[in-house]
Structure formats: C-alpha cells, structure tokens
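Structure assessment
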Amino acid sequence: QVQLVESGGGLVQAGGSLRLSCAVSGRTFSTYRMAWFRQAPGKEREFVTFIIWSGGIIAYADSVKGRFTISRDNAKNTVYLQMNSLKPEDTAVYFCAAGQLSGSYSYNPAHAYDYWGQGTQVTVSS
C-alpha cells in the first residue's frame, strides 16, 4: 500500500504563490508516476502534472505550463507543487496521486492512478 498526504493549501490573492507538499509512505516503485490533480466545484477531476519518481520525466497540463513546477525530494519521500502567478480559475481541491502507468505521457485519466491523498484546498481570490 502507498499512503499520500497533501499539505500546503490555503487562501492566496491572484498573482501570488503557494507550495503544496505530498508526503509519500509505504511501498513505492521507481517507475511510478507521482501526479497532481485538481477538482473545482461541479467539475471533473483534472490532471495537472506528474513526475516519474526516479527518471526525471515531467509533464504538465497546458493550463499550468510556465506557472507551476513539480519536483521531488527522494531523501524526504516528498513531492512538491510550486504554484506561481495563481489565477482565480486555479481554485480547487488539489490531490496527489501515484500509479504505475506505462502508456503515453499524455494519458493521465484519474481512474488510471491507484493511490490518492485526501486533498488540500487552494483558493485564489481576485
């Protein structure tokens, strides 16, 4: 089993920044995609970004390219999401996820990920 715990959400003004953390425990694999998703009220869960745990491969959704940065600290078993230039439309519950996906890097449906954190709320005011 893999356990994921997000933290770092909060209220921020448009244009501001937040850093989210995802603490990872349990049995993991170097090939796992460690991902961030988000879900706004009334919307489907949306892929944001992933990083391959040890391979350094990264992918971003178009909506966050140039503003968000995913990283990981292997020694701390933690994945981070640095969010800059935040917009009101970034308001959502943010989830970290892990999965052993082997398909296209652009294929990231929520159902393909096996493990999920509880989510952390990010609210961006205008």
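Before reading on, note that the structure itself is shown above.
Attention in this report is confined to the structure presented alongside it. (Residues numbered from 1 in each chain as written. Predicted model: local features only at pLDDT ≥ 70, side-chain atom pairs only at ≥ 80, totals over all residues. Heavy atoms only, no water.)

Section: the side chain of threonine 78
Turning to its location among the elements, threonine 78 is positioned in strand 8 (residues 78-83). With near-sequence residues (within four places) excluded, threonine 78 lies in contact with Ser21, Cys22, Ala23, Trp53, Ser71, Arg72 and Asp73. (Helix = DSSP H or I, 4+ residues; strand = E, 2+ residues; numbered from the N terminus. Contact = heavy atoms within 4.5 Å.)

A closer look at the nonpolar core
Judged by nonpolar contacts, the single largest core of 26 residues is most densely connected at Leu4, Met34, Trp36, Phe68, Val79, Met83 and Tyr94. Not counting residues within four places of it along the chain, the set of residues in contact with methionine 34 comprises Leu4, Val24, Thr49, Phe50, Ile51, Trp53, Ile70, Val79, Ala97 and Ala98. (Core = buried A, V, L, I, M, F, W, Y, C linked by side-chain atoms within 4.5 Å. Buried < 20%, exposed > 50% of the residue type's maximum accessible area, 1.4 Å probe, protein only.)

A word on the sheet that holds strand 7 (residues 68-73)
Strand order across the open sheet formed by four strands is 1-3-8-7, with antiparallel pairing between neighbours. Looking at which strands have only one partner, the edges of the open sheet turn out to be strand 1 (2-7) and strand 7. In this sheet, neighbouring strand axes are inclined to one another by 20 degrees on average, regardless of whether the strands run parallel or antiparallel. Note: strand 7 against strand 8, six bridges, orientation antiparallel. Pairing of phenylalanine 68 across the sheet is with methionine 83, part of strand 8. (Pairing = 2+ DSSP bridges. Axes fitted to C-alpha atoms, helices over the stretch in contact; angles between N-to-C directions.)

Notes on the packing of aromatic side chains
Note on aromatic pairs: each is described by the distance of the centres and the angle between the planes. Counting across every chain of the model gives eight aromatic pairs. Between phenylalanine 95 and tryptophan 116, the aromatic rings sit 6.3 Å apart at their centres with planes inclined by 80 degrees, giving edge-to-face as the arrangement. Of this pair, phenylalanine 95 sits in strand 9 (residues 92-99) while tryptophan 116 sits in strand 10 (residues 115-116), and the two are 21 residues apart along the sequence. A residue is classified by how much of its surface remains accessible, and phenylalanine 95, at 9% relative accessible area, is buried. Counting every residue linked through ring pairs, the aromatic cluster contains Phe37, Phe47, Phe50, Phe95, Tyr105, Tyr113 and Trp116. Lying over the aromatic face of phenylalanine 50, arginine 33 brings its terminal NZ or CZ to 4.7 Å of the ring centre. We note arginine 45 situated over the ring of phenylalanine 95; from NZ or CZ to the ring centre the distance is 3.8 Å. (Phe/Tyr/Trp six-rings, centres within 6.5 Å; stacked < 30°, edge-to-face > 60°. Lys NZ or Arg CZ within 6 Å of the ring centre and 35° of its normal.)

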